[in-house]
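Structural description and commentary
One letter stands for each residue in the lines below.
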Amino acid sequence: MRKLTLVRKKSFVGCACRVFVYRTLSAGEPTYDLLLNGVPCLLVTTLKNGKQTEIEIPDCDTTVWVSNSRMLPNDFKEGYLYPAGAEAGTLYIKMRFSPFEGNPIVLSTTPN
């Protein structure tokens, strides 16, 4: 297992909403919380505006999904594929202002 730091950038856009962070299951994990695009995923944590947390992800290829809707996670989500390896990482989460698209999530590994 490796560490992944999740940082939700403080922003007025989506400030009242928390985001839900899921990851794909690794081999041997029997239960899942949700199917995203037909792939079983596990709810890892939730993040409020301006907060950060650290989670553990498997050493194999892992997709981290971030959704801003608990009711419609398949419609309002963004995923980031972490390749196999043992190195730790940081993922920055930001909401982009676009009311017609539901204020989509932007994921990056740089703090821009």
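See the structure printed just above.
Everything numeric here is computed off the predicted structure, so don't read it as measured data.

When its secondary structure is counted, the protein shows zero helices and nine strands. For 112 residues, the compact-globule formula gives about 13 Å, and the C-alpha radius of gyration of the protein, at 14 Å, lands near that figure. Its C-alpha atoms give the protein principal-axis dimensions of about 40 × 30 × 20 Å. Looking at the protein as a whole, 39% of its 112 residues qualify as buried. For the protein, the proportion of contacts with a sequence separation of at least 24, taken over those separated by at least 6, is 61%. Summed over its atoms, the accessible surface of the protein is roughly 6500 Å², and 55% of this surface lies on carbon and sulfur atoms. The protein carries 13 positive and 10 negative side-chain charges, and their two centres are separated by 11 Å.

By secondary structure assignment, the location of Met 95 is in strand E8 (residues 89-95). Judged by its relative accessible area of 6%, Met 95 is buried. The sequence separation of Met 95 and Leu 43 amounts to 52 residues, and the corresponding C-alpha distance is 20 Å. For Met 95, the contacting residues outside a window of four places in its chain are Arg 8, Ser 11, Val 13, Gly 14, Val 19, Asn 68, Asn 103, Pro 104 and Ile 105.

Next up on the list: the side chain of Thr 45. Among the secondary structure elements, Thr 45 is positioned in strand E4 (residues 39-47). Thr 45 gets classed as buried once you look at its relative accessible area, which sits at 18%. Residues within four places of Thr 45 in sequence aside, it is in contact with Leu 6, Val 19, Phe 20, Val 21, Thr 53 and Ile 55.

Criteria and cut-off values
Residues numbered from 1 in each chain as written. Predicted model: local features only at pLDDT ≥ 70, side-chain atom pairs only at ≥ 80, totals over all residues. Heavy atoms only, no water. Helix = DSSP H or I, 4+ residues; strand = E, 2+ residues; numbered from the N terminus. Rg over C-alpha atoms; globule rule 2.2 N^0.38 Å. Buried < 20%, exposed > 50% of the residue type's maximum accessible area, 1.4 Å probe, protein only. Contact = heavy atoms within 4.5 Å. Areas by Shrake-Rupley, 256 points an atom, 1.4 Å probe, with all protein chains shown as cover. Lys, Arg positive; Asp, Glu negative; His and termini not counted. Charge placed at Lys NZ, Arg CZ, Asp CG, Glu CD.

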